[in-house]
Amino acid sequence: MKIPFKYILRNFRSRRLTTGITVVGIALVVFVFAAVLMMAYGVRKTLVATGSMENVLVARKAANGEISSILLASDYNNILTLPHVAKTATGAPIVSGEVVVVINLEKYTGGISNVTVRGVSPQAFVLRPQIRITEGRMFTPGAREVVAGSSVHRNFKGASIGDRVRFGGNDWSVVGLYDAGGSGFDSEIWGDADQLMDAFNRRGGYSTMTFRLDRPESFGEFQAAFDRDPRLQQFEPKIEQLFFAAQSEMMATFIRVLGIFITVIFSLGATIGAMITMYAAVANRTVEVGTLRALGFRRRSVLLAFLTESLLIALIGGAVGLFFASFLQFFSISTLNFGSFSELEFSFALSPQIVLAAVEFALAMGFFGGFLPAVRAARLNIVSALRSA
């Protein structure tokens, strides 16, 4: 015989307080668990949005990121001779040689943090069409002028139109603000590459170069030609989006490992709470269990009933935790990006995989919290249970 589902629901109503406390405990743990995963996914999503599958970024193989890479003008020109580099209608390559440095700026919230300054070529805005000037104007090539990303403008002093930022031994005028569609470029300041090379004594040497492929599917052919050139063995071409995705891995992994470690500790408390709730349920319903067994219900049916009850409590708690965690998508935070050693603003992001992982985590707490009490209920002696009335 199977335990009626109505029996389980009736017991929810009879133990509202203890059930509610357990639901809240599980909800809090699931909230933290989902928040950690959303944070790590938000970092990855922001950096992946920074690149394009149509662009190729070339950096030095030994470099950990753009800031530690160097590419001489001769190497830059050699790469442009390779096939499959897209060109404009006039025959000019769609390429941007870029200089990446890190400066210090004061935050509105107090303290100083690193900000990436990217020197770009005019074609950079053809390569990244998602970037648009929202206030002011574009910097003038050949001038000590910069434009600030929306995140830098919100979080740092001296990044508004009309301000002057001092770095590289010079004062740079902020002449515009730009929006990069929520990508990592929002956390940068852009200026003229030649001016930055001059200011930081890097004349003739870029950090990286980025160019558009004539066709996205031609990267394999380009890489084969690149690998055959003995002058370019110390460099590595990557699809721009994949390059920035790889840059996110270290930071995202650190967030996940640290966050999940903390969450597991919290989950022990929630699991013990579920176990106490279910042990109390067994103690209060000893006679009911004895009656069910006397009516012919098997031990496994009783075990399944109590285990299902525990899983339902956990599922409700998980749903509540996920519901409140979903509101984190409206918030952005700023932290140090391990890949660039500079500030990166990103939003919490929710995905179907995170929802599934959070539900599975909640059910795991419910299973481990309810299994032993369910076994105890199933093993109750019929006569002893009925006499306890």
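Relevant structure appears above.
Residues numbered from 1 in each chain as written. Predicted model: local features only at pLDDT ≥ 70, side-chain atom pairs only at ≥ 80, totals over all residues. Heavy atoms only, no water.

Chemist: Go over the overall build of the protein, please, and point to the residues and values.
Modeler: Of regular secondary structure, the protein possesses 12 helices and 14 strands. Each of the 389 residues in the protein was classed as buried or not, and the buried ones make up 50%. Summarising the internal contacts of the protein: among those between residues at least 6 apart in sequence, 80% fall at separations of at least 24. (Helix = DSSP H or I, 4+ residues; strand = E, 2+ residues; numbered from the N terminus. Buried < 20%, exposed > 50% of the residue type's maximum accessible area, 1.4 Å probe, protein only. Contact = heavy atoms within 4.5 Å.)

Chemist: Mind laying out the pattern of salt bridges, listing which residues take part and the relevant values?
Modeler: A full pass over the atoms with the stated rule returns 14 salt bridges. We note a salt bridge from Glu217 to Arg215, for which the minimum N-O separation is 3.4 Å. Overall, the relative accessible area of 35% leaves Arg215 in the partly exposed class. In this structure, Arg231 and Asp229 form a salt bridge, with 2.8 Å as the shortest nitrogen-oxygen distance. Arg231 sits in the partly exposed class, given a relative accessible area of 44%. (Salt bridge = Lys/Arg side-chain N within 4 Å of Asp/Glu carboxyl O.)

Chemist: Describe unusual backbone geometry, listing the residues and the values that go with them.
Modeler: Although it is not a glycine, His84 adopts a positive phi angle of roughly 75 degrees. For His84, a relative accessible area of 17% translates into the label buried.

Chemist: Give me the environment of Val99: which residues, what numbers.
Modeler: By secondary structure assignment, the location of Val99 is in strand 3 (residues 95–106). A residue is classified by how much of its surface remains accessible, and Val99, at 0% relative accessible area, is buried. Sequence separation between Val99 and Gln195 is 96 residues, and the spatial gap between their C-alpha atoms is 9.7 Å.

Chemist: Residue-level account of the layout of surface pockets, with values.
Modeler: Empty space within the largest pocket amounts to approximately 210 Å³. Looking at the largest pocket, it is lined by 18 residues, and the ones nearest its centre are Thr46, Gly182, Glu345, Phe346 and Ser347. The set of elements that each furnish at least two residues to the lining of the largest pocket consists of helix 2 (16–50), helix 5 (150–155) and strand 14 (342–347). Ranked by residue count, the leading element in the lining of the largest pocket is helix 2, at 4 residues. Counted by class, the lining of the largest pocket contains 4 nonpolar, 9 polar and 5 charged residues. There is about 160 Å³ of room inside the second largest pocket. (1 Å grid on protein atoms, 1.4 Å probe; cavity = no way out; pocket = protein on both sides within 12 Å on 5 of 7 lines; lining within 4 Å. Points joined across faces, edges and corners; volume = space filled by probe spheres on them. Nonpolar A, V, L, I, M, F, W, Y, C, P; charged D, E, K, R; others polar.)

Chemist: Please give an account of the environment of Ile265 that cites residues and values.
Modeler: Secondary-structure assignment places Ile265 in helix 8 (residues 240–284). Separated by 236 residues in sequence, Ile265 and Val29 have C-alpha atoms that sit 9.4 Å apart.

Chemist: Lay out the nonpolar core with the relevant residues and their values.
Modeler: Val58, Ile79, Met209, Phe211 and Phe222 are the most contacted members of the largest nonpolar core, which totals 41 residues. For this core, the element with the highest residue contribution is strand 3, accounting for 5 residues. Val43, Ala59, Val120 and Ile255 belong to the second largest nonpolar core, which has 23 residues in total. (Core = buried A, V, L, I, M, F, W, Y, C linked by side-chain atoms within 4.5 Å.)

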